[in-house]
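A structural walkthrough
The chain contents come next:
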Amino acid sequence: MKALRFHAAKDLRVEDIAQPTDPSDDEVVIKNRFVGICGTDLHEYAYGPIFIPKDSAGNPTLQVLGHEYGGVVTKVGKNVTHVKVGDRVSVQPFITPRGGDYFTDLGHFNLSDNLQIAGLSWIGGGMAQQSLLKGFNVYKVPDNLSDEDAALVEPTAVAVYGVDRGGVKAGDSVLVTGAGPIGLLTLLAARAAGAVQLFVSDPNATRLRIAKDIIPDVVTINPREQNVGDVIRAATEGNVGCDVALECVGNTLALQACVDAVRKRGTVVQIGLHAGEAPINWFNVVYKDIDIRGSWAYTAQMWPRVMRLLASGQIPARKVVTKTVTLDTAIKDGFDALLDPAGTQLKILIDLGG
């Protein structure tokens, strides 16, 4: 079968590899349908290996990329009963041991030190024609969700979990820094949670325009031209700042803007992954009595909830998709296009065929 595999930084190859083995009792095989190119995939392509494992000699494994995907079940192990051959499914890509691990015993699979991720550190991933997964990795997709939607559940879960971590509630004012796919999905998730005053900050004018197209009443801020905190204080009740600020870039200046823009006793949530240390004004953190929280991925149990949010239209995730490519063209038209400094693309899906 065809697959896109990581060999080294700036070295991805579409090549023929062996099809998945028959599933064990607790496994399934799916025919992959659509897969999203995530920021994590881009980081692996540009700078990796990061999450991709290395062998004993320090060389990266030949990893099939792609953890935002869905497909159709083609084989099931005898102990898998919640899906059957022919079911359309969305993939929750975390693979962890069941039992004997402190965090997985608590149900916090995303926090396990033994975590593997399909498309990053598991034997397969979404950028191939088929993949082998554990039964618990697949959730049947409602009839009113498209195959494209099935690939968007994973990034939407990141956004919904971040909003949960921020405690966003009805009537809140919310800042999102970064108008990339996760940032815009986070805006949509905040609105679905009840936020009524939305702000987004990004230095890319194209992305701000897309944000405005998706959510017409969002206040867009270019931090190169305006002070984020000043804009938000001027627009919020009592000029105190926003209730919750969600940092979706992994950028020091964006985090600093969140700390500045949030009101006293507000909450800052760090969703984007920083490459190194990020200094902030800790006097403001203490003086303003604010909370700063991390948000790592999502809980594995979120899939039915997120699919309901997509199916109801409360989070129209497909609006963040700006392009669809094939596996054969995915490197040039997908990865390279997303790394283009001009930033004309937002979310790109790879169509693996019907």
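Everything here concerns the structure above.
A brief report on the enclosed structure follows. Please read all numbers here as calculations on a predicted model, not as lab measurements.

The next subject is the nonpolar core. Counting 54 residues, the largest nonpolar core has V174, L184, L187, L198, L246, Y298 and I315 as its most contacted members. Of all the secondary-structure elements, those providing two or more residues to this core are α3 (147-166), β11 (173-177), α4 (181-192), β12 (197-201), α5 (205-214), β14 (242-247) and α9 (303-312). The contacts of L187, once residues within four sequence positions are left out, are V176, L198, F199, V200, I215 and V218. V89, V138, V325 and L352 belong to the second-largest nonpolar core, a separate cluster that totals 32 residues.

Another aspect to go through is the packing of helix α6 (residues 228-235) against helix α7 (residues 252-261). Their axes nearest at 8 Å, the elements α6 and α7 cross at an angle of 30 degrees. By the angle between their axes, α6 is roughly parallel relative to α7. Crossing angle aside, the handedness with which α6 passes α7 is right-handed. Residues V228, G229, I232 and R233 of α6 form the contact with α7, whose participating residues are A257, D260 and A261. The residue makeup of the contact of α6 with α7, split by class, is four nonpolar, one polar and two charged.

Now for the layout of surface pockets. Taken as a whole, the second largest pocket encloses approximately 180 Å³ of empty space. Taken together, 14 residues make up the lining of the second largest pocket; nearest its centre are M1, A18, Q19, P20 and I123. Broken down by element, the residue count for the lining of the second largest pocket peaks at three residues, all from strand β9 (residues 130-134). Grouping the amino acids of the lining of the second largest pocket by side-chain chemistry returns eight nonpolar, six polar and no charged.

Right, let's get into the pairing of strand β1 (residues 2-8). Successive residues of a regular strand alternate their side chains across the two faces of the sheet. Counting buried residues along β1, five of its seven residues qualify, which places the element largely inside the surrounding structure. With six bridges joining them, β1 and strand β2 (residues 11-16) adopt antiparallel strand pairing. Within β2, the residue paired with K2 across the bridge is D16. Hairpin remark: β1 followed by β2, antiparallel, with two residues in the connecting loop; positive phi at K10, about 60 degrees. Bridging between β1 and strand β4 (residues 63-64) involves two bridges; their strand directions are antiparallel. For R5, the partnering residue across the bridge sits in β4 and is V64.

Attention now moves to the packing of aromatic side chains. Taken as a whole and assessed by the stated rule, the structure comprises six aromatic pairs. Centroid distance F283 to Y287: 5.6 Å. Interplanar angle 10 degrees. Geometry classified as stacked. You can see F283 and its partner Y287 sitting in helix α8 (residues 282-287), four residues apart, about one turn around the helix. Here Y287 falls in the exposed class, since its relative accessible area comes to 51%. Here the aromatic residues F94, Y139, Y298 and W303 are joined through ring pairs into a cluster of three or more. Of note, K10 hangs over the ring of Y45, and the distance from its end group to the ring centre comes to 6.0 Å.

Turning our attention to the environment of A211. On the secondary structure map, A211 appears in helix α5. Distance from A211 to L184, taken between C-alpha atoms, is 6.6 Å for residues 27 residues apart in sequence. Residues within four places of A211 in sequence aside, it is in contact with L184, V200 and V218.

Okay, helix α1 (residues 39-47) next. Buried within α1 we find T40, D41, L42, E44, Y45 and A46. Turning to α1, the residues buried within the fold contact β1, β2, β3 (27-36) and α10 (330-339).

This part takes up the state of the cysteines. Considering all chains together, one arrives at zero disulfides under this definition. Free of any disulfide, C38 has its nearest neighbouring cysteine sulfur in C248, separated by 12 Å.

Attention shifts here to the sheet that holds strand β15 (residues 262-270). Pairing is parallel across the open sheet formed by six strands, whose spatial order is β13-β12-β11-β14-β15-β16. Lying at the two open borders of the sheet, with one neighbouring strand each, are β13 (219-221) and β16 (291-294). Strand-to-strand twist in this sheet, taken as the mean axis angle between neighbours without regard to direction, amounts to 20 degrees. The pairing of β11 with β12 spans five bridges and is classified as parallel. Of the residues in β12, the one forming a bridge with T177 is S201. α7 contacts β11, β14, β15 and β16 of the sheet and is inclined by roughly 155 degrees relative to β15.

The subject of this paragraph is the packing of α3 against α4. Where α3 contacts α4, the axes come no closer than 8 Å and their chain directions differ by 55 degrees. What the angle tells us is that α3 and α4 run oblique. The two elements α3 and α4 cross, and the hand of that crossing is right-handed. Residues P155, T156, V158, A159, V160 and V163 of α3 touch α4, and the partners they reach there are I182, L185, T186, A189 and A190. Of the residues that constitute the contact of α3 with α4, the class distribution is nine nonpolar, two polar and no charged.

Calculation rules
Residues numbered from 1 in each chain as written. Predicted model: local features only at pLDDT ≥ 70, side-chain atom pairs only at ≥ 80, totals over all residues. Heavy atoms only, no water. Core = buried A, V, L, I, M, F, W, Y, C linked by side-chain atoms within 4.5 Å. Buried < 20%, exposed > 50% of the residue type's maximum accessible area, 1.4 Å probe, protein only. Helix = DSSP H or I, 4+ residues; strand = E, 2+ residues; numbered from the N terminus. Contact = heavy atoms within 4.5 Å. Axes fitted to C-alpha atoms, helices over the stretch in contact; angles between N-to-C directions. Parallel < 35°, antiparallel > 145°, perpendicular 65-115°, else oblique. Left-handed = near helix turned anticlockwise from the far one by under 90°. Nonpolar A, V, L, I, M, F, W, Y, C, P; charged D, E, K, R; others polar. 1 Å grid on protein atoms, 1.4 Å probe; cavity = no way out; pocket = protein on both sides within 12 Å on 5 of 7 lines; lining within 4 Å. Points joined across faces, edges and corners; volume = space filled by probe spheres on them. Pairing = 2+ DSSP bridges. Phe/Tyr/Trp six-rings, centres within 6.5 Å; stacked < 30°, edge-to-face > 60°. Lys NZ or Arg CZ within 6 Å of the ring centre and 35° of its normal. Disulfide = S-S within 2.5 Å.

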